[in-house]
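Descriptive analysis of the structure
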Amino acid sequence: MNPLFPIRKLVARCASVPLSRASLLPRPASLGLAIALLMAGTVISGRAQVVDGRQLVKAQLVADTQHIEPGQKFRLGVLYTIVPKWHIYWQYAGDAGIPTQIDWQFPPGFQTGPLQWPLPTREQEPGGLEVFDYNNEVLLFTEVQAPQQLPTGPIELAAKSNWLVCERQCVPGDAQLSLKLNDGGQGPANQDIFTKYSASVPKTGAPAGYSVSMKPSGSQMVIDFAGIPQGSRLDFFPVPPENVVLNHGKQAGNSVVLSVDGGAALDRLKGVAVVESDGKTDAFAVELQPGGLAVANASGASTDLVGVLQAVAFALIGGLILNVMPCVLPVISLKIFGFVSEAGERPDKAFKLALVFSAGILGCFAVLAAIVTFFRAIGAQVGWGFQFQDYRFVLAIGCLVFAFALNLFGVFELTVSARATGGLAKLAAGGGYGGAFFQGAFATILATPCTAPFLGTASAFAFTQPAWATFLIFFSIGIGMALPYLSLAIQPKWLRYLPKPGEWMVRLKQLLGFLLLATLLWLSWIVGRLRGVDGMVELGGLLLIIGILAWIKGSFWTPVSSVRSRVLAAMSMVAVLVVAIGSYLFVTAPSELSWQAFSQQSLDKALQSGRPVFVDFTADWCITCKANERFALDTSAVRQAFAQNQVVVLRADWTHGDPEITQILKEHGRAGVPMYLFYPGGKDRPPVVLPELISSQTVLDAMKTGSKTVADARKAS
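Below, the structure is looked at part by part. (Residues numbered from 1 in each chain as written. Predicted model: local features only at pLDDT ≥ 70, side-chain atom pairs only at ≥ 80, totals over all residues. Heavy atoms only, no water.)

Quick word on the overall build of the protein chain
Check the secondary structure of the protein chain and you find 20 helices and 25 strands. The buried share of the protein chain, taken over its 717 residues, is 49%. Here the contacts in the protein chain between residues at least 6 apart in sequence split such that 75% fall between residues at least 24 apart. Carbon and sulfur atoms make up 59% of the accessible area of the protein chain, which totals about 33700 Å². (Helix = DSSP H or I, 4+ residues; strand = E, 2+ residues; numbered from the N terminus. Buried < 20%, exposed > 50% of the residue type's maximum accessible area, 1.4 Å probe, protein only. Contact = heavy atoms within 4.5 Å. Areas by Shrake-Rupley, 256 points an atom, 1.4 Å probe, with all protein chains shown as cover.)

Digging into the sheet that holds strand S3 (residues 57-63)
Strand order in the open sheet made by the four strands is S3-S4-S10-S7, with antiparallel pairing throughout. Of all strands in the sheet, those with a lone pairing partner are S3 and strand S7 (111-112), marking the two edges. Bridge analysis of strand S4 (residues 73-82) against strand S10 (residues 137-145) gives nine bridges, and the strand direction is antiparallel. Across the sheet, the residue bridging to Gly77 is Phe141, located in S10. Contacts from helix H3 (residues 191-199) reach S3, S4 and S10 within the one sheet, and its direction differs from that of S10 by about 100°. (Pairing = 2+ DSSP bridges. Axes fitted to C-alpha atoms, helices over the stretch in contact; angles between N-to-C directions.)

Some words on the sheet that holds strand S24 (residues 675-679)
The five strands are arranged S21-S23-S22-S24-S25 in an open sheet whose pairing can be described as mixed. Whereas interior strands pair on both sides, the edge strands pair on one side only; in this sheet they are strand S21 (596-597) and strand S25 (688-690). Pairing of strand S22 (residues 613-618) with strand S23 (residues 648-653) involves six bridges; the strand directions are parallel. Bridge pairing in S23 links Asp616 to Arg651. Together, S21, S22, S23 and S24 form the strand contacts of helix H16 (residues 600-608), whose direction differs from that of S22 by roughly 160°.

Considering the nonpolar core
Judged by nonpolar contacts, the single largest core of 50 residues is most densely connected at Phe74, Leu76, Tyr80, Ile88, Phe110 and Val165. Those residues in contact with Ile88, other than ones at most four positions away along the chain, are Val57, Tyr80, Ile82, Thr100, Asp133, Tyr134, Val138, Trp163, Leu164 and Val165. (Core = buried A, V, L, I, M, F, W, Y, C linked by side-chain atoms within 4.5 Å.)

A closer look at unusual backbone geometry
Going from Val673 to Pro674, the amide bond is cis rather than trans, its omega being 10°. Assignment of secondary structure puts Pro674 in the loop between helix H19 (659-667) and S24. The phi angle at Lys85 is positive, at roughly 75°, despite the residue not being glycine. Relative to the assigned elements, Lys85 resides in the loop between S4 and strand S5 (87-94). Looking at Lys85, the relative accessible area reads 70%, which means it is exposed.

Some words on the pattern of salt bridges
Per the counting criterion, the structure on display carries 15 salt bridges. Arg233 serves as the salt-bridge partner of Glu276, at 3.3 Å between the closest nitrogen and oxygen. Placement of Glu276 in strand S19 (residues 269-277) and of Arg233 in strand S16 (residues 233-239) is noted, with a sequence separation of 43 residues between them. Glu276 gets classed as partly exposed once you look at its relative accessible area, which sits at 30%. One connected set of salt bridges, linked through shared partners, spans Asp616, Asp620, Lys626, Glu629 and Arg651. (Salt bridge = Lys/Arg side-chain N within 4 Å of Asp/Glu carboxyl O.)

Description of a nonpolar patch on the surface
A cluster of nonpolar residues, Val563, Val567, Leu568 and Met571, forms a patch on the protein surface that exposes about 390 Å² of accessible area. Relative to the helices and strands, Val567 is located in helix H15 (residues 563-588). What makes Val567 partly exposed here is its relative accessible area of 42%. (Patch = residues over 30% accessible without salt bridge, like charges linked within 9 Å, V, L, I, M, F, W, Y side chains within 5 Å.)

Let's talk about the packing of aromatic side chains
With the rule as written, the count across this model stands at 15 aromatic pairs. Geometrically, the ring pair formed by Trp90 and Phe237 is edge-to-face, given 6.0 Å between the ring centres and 70° between the ring planes. Note that Trp90 is positioned in strand S5 and Phe237 in strand S16, a separation of 147 residues in sequence. Across the pair, exposure class does not vary: Trp90 and Phe237 are buried alike. Counting every residue linked through ring pairs, the aromatic cluster contains Trp90, Tyr92, Phe132 and Phe237. Stacked on the ring of Trp595, the Lys or Arg Arg651 has its end atom at 4.3 Å from the ring centre. (Phe/Tyr/Trp six-rings, centres within 6.5 Å; stacked < 30°, edge-to-face > 60°. Lys NZ or Arg CZ within 6 Å of the ring centre and 35° of its normal.)

Examining the pairing of S19
Extensive coverage of S19 is indicated by the burial of seven of its nine residues. In this sheet, S19 lies alongside S16 in antiparallel orientation, the contact comprising seven bridges. Across the sheet, residue Val239 finds its bridge partner in S19, namely Lys270. Counting the residues in the hairpin turn of S19 and strand S20 (residues 280-288) gives two residues, including Asp278, whose phi is positive at 55°.

As structure tokens, then:
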């Protein structure tokens, strides 16, 4: 399972949406889930772990022996080496993050024990988030027992590991690792590293004389320590049930106080108790359960009727509050705007629109409940807002929001042809019921990254319950969100209190367009966090295309346009899409030249080899540079000539400025890029300086001229 970026951290850092810690609740969905649910596309892989030329995490499969005997027990683990200031996560990540995962892949007969987790570090992150993580290096390992009969020859053991590494940004990573034993090596191996991290793994059970117990106190869980030295520093690293968020623990005397964010105290809690005294740290794993209370089920959530009814009540309140959350308010405002318009003409139509809009909300929540139930049944981790962890989904929603904004600004109008759409047109014609249903569903989709008060507790409960309870709670959220519109449907006379249609509606419509652009700004921020600058450029390109298509639609394909105008508009729109797709594929195609980074040292080394050298002085913001690289340098003719002459190709990147590159530019009479130098061979031969605008033939001619000069010099000598 390849997890995507954690939506909890993204939402928590969104300044425009004030959230409680309950809103940080959902576990990230797997990438497989997101692909199956949303759209096809490329998978973010471990290659994304290279940031600014650094490999953020290096994973290595290691064992404490090189040779195993039949039935022998040995230790096997994954050693993670992490660049400074970055971290990966413990088995419970805390307020944000994803636990590191290892999937062992052994030959038949090998048995493994539980994964051993060294004691993590508790750290504070921006926004008041608290996480449990590992810095610099950590070994996660297990004890393996070999079968009584081993195959002859080397034995290959493998593991697939997934992790999330974070600093100011988070990057998912994965690695397929393997290790061969019994391949000729003898004796122990990696003993020091296993000894080091075995010592930091919490012991099972409390040390002699210590005892730890838990007692509930209202919504709090009080972890009491007994038998400990006076003045000890106490801590408790919890491992709560799935999708349960705990408030930060605080020491109070000889106790640590915890509470479930927005929910009742747990009846059972696993974790690691930590006692620090006189420079000594004792960490031991415990499973706490107060006497006389019902034991939670395997998922850590009670399924009694009282708990379900409480979750339903929270769901209703949370769904109602969703209407005023910044994620949803622009779309809701649009619908109220529609009610105002319809009420001025036919109040009965506004009544029906309210029902249809509510049906769209409830239908979308039913679909979400079905999706959550299905993917949870097949073992995937899902949480509220999981679809917003896939940048492709956010791109799609951003494009929809932008299209709606253009519609409000009057760039184009949405019209439906009954002849073209058949039954759907019958639904949408005249009354706009199809649009009302879609807007209800769209409002629900936009609501999923916004967790209103009370909704965090209800959704947490729903994600751990049987299917019937999940559907009931999701349906209750939908009813709460649709309640204002159901009220208008039940009491149509309330529509008379809405303002009458007038010129003010045009201005209001435009104002709502700006609200949608504000929503788009938030979505673009999410894309940037998920995908970086490249993702934001992709979104900008898509918005440009949508803007052009909307302009063509609004200018040349209207209900009063002639057939010829509509045909030309359709052809133009297809041409725009073809050009856009072709340009994207052309621009994003990776270079087939083996460029090396330029420096004076790398240039001197290449010249000393006696091989020809071609240097491209370029910058990301230089349009001419990029055009030359794509149309003149990265062509089959130039690549073939470079390969035949064994040319060393160096790229001097001046994007962020470089004094060394600046000096070389000045030496050749240039104030900026592009500049191209071809050294025909040897450090004593002056380079050929190419013009700013080049073609493939320009490069080939420079190579011929330089090679001829070298040949003439050799004859003369």
